[in-house]
Amino acid sequence: MLEDLEPDCWLHPDIEVRSSPIAGDGLFARAPIPAGTLVSRLGGRLVSGAELRALFAQASRHPDQPYIDTITVADEMHLVLPPRRPNGKGNHSCDPNLWWVDAYTLAARRDIAEGEEVTNDYATSTNAADFGMDCQCGAVRCRTKVTGNDWRLLDLQQRYGEHWVPALLTLIRQSTRS
(Lines give C-alpha, C1' and ligand atoms only; values in the text may rest on other atoms or scores of the structure.)
Protein backbone atom coordinates (compact mmCIF):
# COMPACT_ATOMS: atom_id res chain seq x y z
CA MET A 1 0.00 0.00 0.00
CA LEU A 2 2.55 2.62 1.06
CA GLU A 3 4.96 1.61 -1.69
CA ASP A 4 2.36 2.46 -4.39
CA LEU A 5 2.71 6.19 -3.68
CA GLU A 6 3.34 8.40 -6.71
CA PRO A 7 5.21 11.72 -6.34
CA ASP A 8 2.38 13.68 -7.98
CA CYS A 9 -1.40 13.57 -8.33
CA TRP A 10 -3.58 12.50 -11.26
CA LEU A 11 -7.08 13.77 -12.05
CA HIS A 12 -9.58 12.38 -14.58
CA PRO A 13 -9.42 14.48 -17.78
CA ASP A 14 -13.18 15.26 -17.57
CA ILE A 15 -12.77 17.05 -14.21
CA GLU A 16 -12.17 20.80 -13.97
CA VAL A 17 -11.92 23.44 -11.24
CA ARG A 18 -14.82 25.92 -10.99
CA SER A 19 -16.37 28.18 -8.39
CA SER A 20 -18.32 26.04 -5.90
CA PRO A 21 -21.54 26.69 -3.99
CA ILE A 22 -20.10 24.48 -1.20
CA ALA A 23 -16.86 26.41 -0.58
CA GLY A 24 -14.50 28.46 -2.74
CA ASP A 25 -13.42 26.41 -5.72
CA GLY A 26 -14.45 22.82 -6.35
CA LEU A 27 -14.05 20.01 -8.86
CA PHE A 28 -16.75 19.55 -11.49
CA ALA A 29 -17.49 16.95 -14.16
CA ARG A 30 -17.20 18.27 -17.74
CA ALA A 31 -18.92 15.11 -19.01
CA PRO A 32 -20.91 12.26 -17.45
CA ILE A 33 -18.75 9.90 -15.37
CA PRO A 34 -20.06 6.36 -14.77
CA ALA A 35 -20.06 4.74 -11.32
CA GLY A 36 -16.79 2.96 -10.60
CA THR A 37 -14.65 5.25 -12.79
CA LEU A 38 -11.33 6.29 -11.22
CA VAL A 39 -11.48 10.06 -10.72
CA SER A 40 -8.54 11.11 -8.54
CA ARG A 41 -5.25 9.52 -7.56
CA LEU A 42 -3.33 11.33 -4.85
CA GLY A 43 0.43 11.53 -4.71
CA GLY A 44 3.00 13.44 -2.73
CA ARG A 45 5.14 12.59 0.24
CA LEU A 46 4.60 10.67 3.45
CA VAL A 47 5.23 12.41 6.76
CA SER A 48 4.90 11.42 10.39
CA GLY A 49 2.31 12.99 12.68
CA ALA A 50 5.04 15.12 14.26
CA GLU A 51 6.23 16.33 10.83
CA LEU A 52 2.66 17.17 9.83
CA ARG A 53 2.06 19.18 13.01
CA ALA A 54 5.32 21.07 12.32
CA LEU A 55 4.17 21.82 8.74
CA PHE A 56 0.83 23.16 10.05
CA ALA A 57 2.63 25.28 12.66
CA GLN A 58 4.97 26.69 10.02
CA ALA A 59 2.02 27.45 7.70
CA SER A 60 0.20 29.29 10.49
CA ARG A 61 3.23 31.58 10.93
CA HIS A 62 3.49 32.25 7.16
CA PRO A 63 0.08 33.10 5.66
CA ASP A 64 1.57 33.32 2.15
CA GLN A 65 2.49 29.61 2.27
CA PRO A 66 0.16 27.33 0.24
CA TYR A 67 -2.60 25.39 1.98
CA ILE A 68 -1.50 21.92 3.13
CA ASP A 69 -3.66 19.12 1.72
CA THR A 70 -3.29 15.86 3.62
CA ILE A 71 -4.95 12.52 4.34
CA THR A 72 -4.29 9.83 6.95
CA VAL A 73 -2.48 6.84 5.47
CA ALA A 74 -1.50 4.77 8.52
CA ASP A 75 -1.16 5.23 12.25
CA GLU A 76 0.91 8.42 12.59
CA MET A 77 1.61 8.48 8.82
CA HIS A 78 0.08 11.10 6.54
CA LEU A 79 0.20 11.91 2.84
CA VAL A 80 0.93 15.55 2.03
CA LEU A 81 -0.05 16.45 -1.52
CA PRO A 82 2.19 18.66 -3.64
CA PRO A 83 1.01 22.28 -3.34
CA ARG A 84 -1.60 23.79 -5.65
CA ARG A 85 -2.77 20.59 -7.33
CA PRO A 86 -6.37 20.65 -8.58
CA ASN A 87 -7.07 17.44 -6.61
CA GLY A 88 -6.83 19.57 -3.47
CA LYS A 89 -9.85 21.59 -4.63
CA GLY A 90 -12.18 18.64 -3.97
CA ASN A 91 -14.84 19.70 -1.48
CA HIS A 92 -16.52 17.72 1.26
CA SER A 93 -20.08 16.43 1.12
CA CYS A 94 -21.92 14.36 3.72
CA ASP A 95 -23.42 12.43 0.76
CA PRO A 96 -20.49 12.36 -1.68
CA ASN A 97 -20.31 10.99 -5.19
CA LEU A 98 -16.71 9.73 -4.70
CA TRP A 99 -15.27 7.18 -2.31
CA TRP A 100 -11.95 5.46 -1.63
CA VAL A 101 -10.99 2.34 -3.57
CA ASP A 102 -7.45 2.13 -2.19
CA ALA A 103 -5.05 4.18 -0.07
CA TYR A 104 -4.70 6.98 -2.62
CA THR A 105 -7.52 6.61 -5.17
CA LEU A 106 -11.07 7.95 -5.29
CA ALA A 107 -13.65 6.52 -7.71
CA ALA A 108 -17.20 7.48 -8.62
CA ARG A 109 -19.56 6.09 -5.96
CA ARG A 110 -22.47 6.50 -8.37
CA ASP A 111 -23.01 7.98 -11.83
CA ILE A 112 -21.93 11.63 -11.90
CA ALA A 113 -23.78 14.00 -14.22
CA GLU A 114 -22.11 16.58 -16.45
CA GLY A 115 -21.76 19.81 -14.47
CA GLU A 116 -22.09 18.09 -11.07
CA GLU A 117 -19.61 18.93 -8.34
CA VAL A 118 -17.35 15.99 -7.49
CA THR A 119 -17.10 15.52 -3.71
CA ASN A 120 -15.86 13.13 -1.04
CA ASP A 121 -16.61 12.77 2.67
CA TYR A 122 -13.57 14.09 4.57
CA ALA A 123 -14.50 11.78 7.47
CA THR A 124 -13.35 8.82 5.34
CA SER A 125 -9.78 10.10 5.23
CA THR A 126 -8.96 11.56 8.65
CA ASN A 127 -9.01 10.54 12.27
CA ALA A 128 -7.14 13.56 13.60
CA ALA A 129 -8.62 14.19 17.04
CA ASP A 130 -8.37 17.96 16.59
CA PHE A 131 -9.93 18.04 13.10
CA GLY A 132 -13.31 19.70 12.87
CA MET A 133 -15.08 21.81 10.33
CA ASP A 134 -18.52 23.26 9.92
CA CYS A 135 -20.33 21.78 6.95
CA GLN A 136 -22.64 23.54 4.55
CA CYS A 137 -22.66 20.90 1.81
CA GLY A 138 -26.43 21.10 1.37
CA ALA A 139 -26.93 17.32 1.34
CA VAL A 140 -30.09 15.93 2.92
CA ARG A 141 -27.78 13.90 5.18
CA CYS A 142 -25.61 16.89 6.14
CA ARG A 143 -24.05 16.40 9.59
CA THR A 144 -23.38 20.21 9.94
CA LYS A 145 -20.04 19.39 11.62
CA VAL A 146 -17.35 17.03 10.32
CA THR A 147 -14.79 15.72 12.81
CA GLY A 148 -11.85 13.36 13.03
CA ASN A 149 -14.07 11.02 15.06
CA ASP A 150 -16.81 10.60 12.44
CA TRP A 151 -15.33 7.25 11.38
CA ARG A 152 -16.91 5.93 14.61
CA LEU A 153 -20.45 6.70 13.38
CA LEU A 154 -22.22 3.43 12.63
CA ASP A 155 -24.37 4.91 9.86
CA LEU A 156 -21.23 6.10 8.03
CA GLN A 157 -19.53 2.73 8.53
CA GLN A 158 -22.57 1.04 6.99
CA ARG A 159 -22.97 3.59 4.16
CA TYR A 160 -19.34 3.44 3.03
CA GLY A 161 -18.57 -0.22 3.76
CA GLU A 162 -14.98 -0.89 2.71
CA HIS A 163 -14.51 2.55 1.10
CA TRP A 164 -12.28 4.29 3.66
CA VAL A 165 -8.57 5.03 3.62
CA PRO A 166 -6.87 1.87 4.92
CA ALA A 167 -5.88 3.37 8.29
CA LEU A 168 -9.52 4.12 9.13
CA LEU A 169 -10.76 0.83 7.76
CA THR A 170 -8.37 -0.91 10.16
CA LEU A 171 -9.74 1.14 13.09
CA ILE A 172 -13.32 0.35 12.07
CA ARG A 173 -12.59 -3.36 11.86
CA GLN A 174 -10.88 -3.30 15.26
CA SER A 175 -13.78 -1.40 16.85
CA THR A 176 -16.41 -3.80 15.52
CA ARG A 177 -14.52 -6.79 16.96
CA SER A 178 -14.56 -5.24 20.45
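The numbering scheme is per chain: residues are counted from 1 as the chain's sequence reads. In keeping with the model being predicted, local features are shown solely for residues with a pLDDT of at least 70 and side-chain atom pairs are shown and tallied solely at 80 or more, while totals for entire chains, interfaces and linings include all residues. Each side-chain value is worked out from all heavy atoms of the structure, with water and hydrogens disregarded.

Q: So what about the side chain of Asp121? Which residues, and what values?
A: Note on conventions: DSSP H or I runs of at least 4 residues are helices, E runs of at least 2 residues are strands, and numbering of each starts at the N terminus. Within the secondary structure layout, Asp121 lies in the loop between strand E11 (117-120) and strand E12 (132-134). Side chain to side chain, Asp121 and Tyr160 meet in a polar contact 2.7 Å long. N or O atoms closer than or at 3.5 Å make up a polar contact, with two conditions inside protein: a donor-capable atom paired with an acceptor-capable one, and, for residues adjacent in sequence, both atoms drawn from side chains.

Q: Could you give me a rundown of the state of the cysteines, with the residues and numbers involved?
A: A pair of sulfur atoms, both from cysteines and within 2.5 Å, is called a disulfide here. Applying the stated criterion across every chain yields a total of zero disulfides. Cys94 takes part in no disulfide bond, and the closest cysteine sulfur, belonging to Cys135, lies 3.8 Å away. Three labels apply to residues, based on accessible area from a 1.4 Å probe with only protein chains included: buried if under 20% of the type maximum, exposed if over 50%, partly exposed otherwise in between. Residue Cys94 is classed as buried on the basis of its relative accessible area, which comes to 0%.

Q: Describe a nonpolar patch on the surface, naming the residues involved and giving the relevant values.
A: The patch calculation keeps residues exceeding 30% relative accessible area without a salt bridge and links them within 9 Å when they carry like charges or within 5 Å when they are nonpolar (Val, Leu, Ile, Met, Phe, Trp, Tyr). The accessible surface values rely on the Shrake-Rupley method and a 1.4 Å probe; as for residues, cover is taken only from the protein chains in view. Take a side-chain nitrogen of Lys or Arg and a carboxyl oxygen of Asp or Glu: if they are within 4 Å of each other, that pair is a salt bridge. There is a patch of nonpolar side chains on the surface, built from Trp10, Leu38 and Val101 and spanning about 280 Å² of accessible area. As for its position among the elements, Val101 is in the loop between strand E9 (98-100) and strand E10 (105-108). Val101 gets classed as partly exposed once you look at its relative accessible area, which sits at 43%.

Q: Outline unusual backbone geometry, listing residues and values.
A: Phi at Arg84 is positive, roughly 60°, even though this residue is not glycine. Along the polypeptide, Arg84 turns up in the loop between strand E7 (77-80) and strand E8 (91-92). Note on Arg84: relative accessible area 66%, which makes it exposed. The backbone phi angle of Thr144 is positive, close to 65°, even though this residue is not glycine. On the secondary structure map, Thr144 appears in the loop between E12 and strand E13 (145-147).

Q: Got a sec to walk through the sheet that holds strand E4 (residues 38-41)? Specific residues and values, please.
A: Through backbone hydrogen bonds, the strands of a sheet pair up, either in parallel or in antiparallel fashion. As summarised here, the arrangement of the four strands in space is E1-E4-E10-E9, forming an open sheet in which the pairing is antiparallel. Only two strands of the sheet have a single partner each, and these edge strands are strand E1 (10-11) and E9. Strands were regarded as paired on the criterion that DSSP finds at least two bridges between them. Pairing of E1 with E4 involves two bridges; the strand directions are antiparallel. The partner of Trp10 across the bridge, within E4, is Arg41.

Q: I'd love a proper account of the packing of aromatic side chains, names of residues and values included.
A: Between rings of Phe, Tyr and Trp, where Trp is taken as its six-membered ring, a pair exists when centres lie within 6.5 Å; planes separated by under 30 degrees are stacked, by over 60 edge-to-face, and by other angles tilted. By the definition in use, this model includes one aromatic pair. Centre to centre, the rings of Tyr160 and Trp164 are 5.7 Å apart; their planes meet at 80°, and the pair counts as edge-to-face. Across the pair, Trp164 and Tyr160 agree in class, each one buried.

Q: Give me the lowdown on helix H1 (residues 49-61), citing residues and values where you can.
A: Think of an α-helix as turning once every 3.6 residues; residues three or four places apart then point the same way. Here H1 is 13 residues long and its end C-alpha atoms lie 19 Å apart, about the 18 Å a rise of 1.5 Å per residue gives. The contact definition used throughout considers only heavy atoms, calling two residues in contact when any of these lie within 4.5 Å. If you follow the buried residues of H1, they end up packed against strand E5 (45-48), strand E6 (70-74) and E7. Given the number of residues in a helix, its expected span is that number minus one, multiplied by 1.5 Å.

Q: Can you lay out helix H3 (residues 166-177) for me, pointing to particular residues and giving the numbers?
A: Between its first and last C-alpha, H3 extends 17 Å over 12 residues, near the 16 Å set by a 1.5 Å rise per residue. Residues Ala167, Leu168, Leu169 and Ile172 constitute the buried set of H3. Elements in contact with the buried residues of H3: E6 and helix H2 (154-160).

Q: Please provide a residue-by-residue account of the environment of Leu98, values included.
A: The topology assignment puts Leu98 in strand E9. For the pair Leu98 and Met77, spaced 21 residues apart in sequence, the C-alpha to C-alpha distance is 23 Å. Apart from the residues within four sequence positions on either side, Leu98 is in contact with Val39, Leu106, Ala107, Ala108, Arg109, Ile112, Val118, Thr119 and Asn120.

Q: An account of the nonpolar core is needed here, citing residue identities and associated values.
A: We define a nonpolar core as any set of buried Ala, Val, Leu, Ile, Met, Phe, Trp, Tyr and Cys residues linked to one another through side-chain atoms lying within 4.5 Å. Grouped together as the largest cluster of nonpolar side chains are 35 residues, with contacts concentrated most on Ile15, Leu42, Val118 and Trp164. Elements represented by at least two residues in this core include exactly strand E3 (25-29), E6, E9, E10, H2 and H3. If sequence neighbours within four positions are ignored, Trp164 has contacts with Trp100, Ala123, Thr124, Trp151, Leu156, Gln157, Leu169 and Ile172. Val47, Leu52, Ala59 and Ile68 belong to the second-largest nonpolar core, a separate cluster that totals six residues.

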